[in-house]
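Here's the letter readout for the chains.
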Amino acid sequence: MSDLLKKAISLGVGLTIVSKEKVEKVVDELVKRGELAPSESKALVDRLVERGDEERGAFKFAVQEQVQRVLKELKVPVQEDIARLESRIAKLEGRVAELEGKSPQEFTQETIVPETRSE
């Protein structure tokens, strides 16, 4: 097996972005050059593809984890925070409408499209 391929296997270099077709092409070239026995080619392709899938999964997880950490540091609200605030706003609007003697729907429409007042 070529030294370059051995290094790629041991280090996982580039396996996250290499397609199965490219792996098969490289392995076929190794077979043609006599650096790999034909009987070993399928097993090698399977190992490399599996390793690539593992690397992609690990990379995706690491990126997601980092994005979540950055969003948390920046105090960007998550969907749950927004939903909780929307619920609280709806309750407060209902309470204000009740205190003003209006239906919650009338109050909500007023807050969305306020009356034009001339002064």
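Our subject is the structure that appears above.
Note that the coordinates shown come from a computational prediction; the quantities given were computed from them, not determined experimentally.

Before going further, it helps to examine the overall build of the protein. Looking only at helices and strands, one finds five helices and zero strands in the protein. Moving toward the C terminus, one meets the helices and strands of the protein in the order α-α-α-α-α. Expressed as a percentage of its 119 residues, the buried residues of the protein come to 14%. Long-range pairs, those at least 24 residues apart, make up 53% of the contacts in the protein with a sequence separation of at least 6. For the protein, the accessible surface area stands at approximately 9,800 Å², while carbon and sulfur atoms represent 57% of it.

On to the nonpolar core, then. Counting residues in each nonpolar core, the largest one holds seven residues, listed as V23, V27, L30, L36, L44, V45 and L48. Of all the secondary structure elements, the ones that give two or more residues to this core are α2 (20–32) and α3 (38–73).

The subject of this paragraph is the pattern of salt bridges. If you walk through the whole model with that rule in mind, you get seven salt bridges. For the salt bridge of R33 with E35, the shortest nitrogen-to-oxygen distance reads 3.0 Å. You can call E35 partly exposed: its relative accessible area is 29%. In this structure, the salt-bridge partner of K102 is E100, at a minimum N-O distance of 3.7 Å. On the basis of relative accessibility, which here comes to 46%, the residue E100 falls in the partly exposed class.

It is worth spelling out unusual backbone geometry at this point. The backbone phi angle of K75 is positive, close to 60°, even though this residue is not glycine. Topologically, K75 is positioned in the loop between α3 and α4 (79–100).

Basis of the calculations
- Residues numbered from 1 in each chain as written.
- Predicted model: local features only at pLDDT ≥ 70, side-chain atom pairs only at ≥ 80, totals over all residues.
- Heavy atoms only, no water.
- Helix = DSSP H or I, 4+ residues; strand = E, 2+ residues; numbered from the N terminus.
- Buried < 20%, exposed > 50% of the residue type's maximum accessible area, 1.4 Å probe, protein only.
- Contact = heavy atoms within 4.5 Å.
- Areas by Shrake-Rupley, 256 points an atom, 1.4 Å probe, with all protein chains shown as cover.
- Core = buried A, V, L, I, M, F, W, Y, C linked by side-chain atoms within 4.5 Å.
- Salt bridge = Lys/Arg side-chain N within 4 Å of Asp/Glu carboxyl O.

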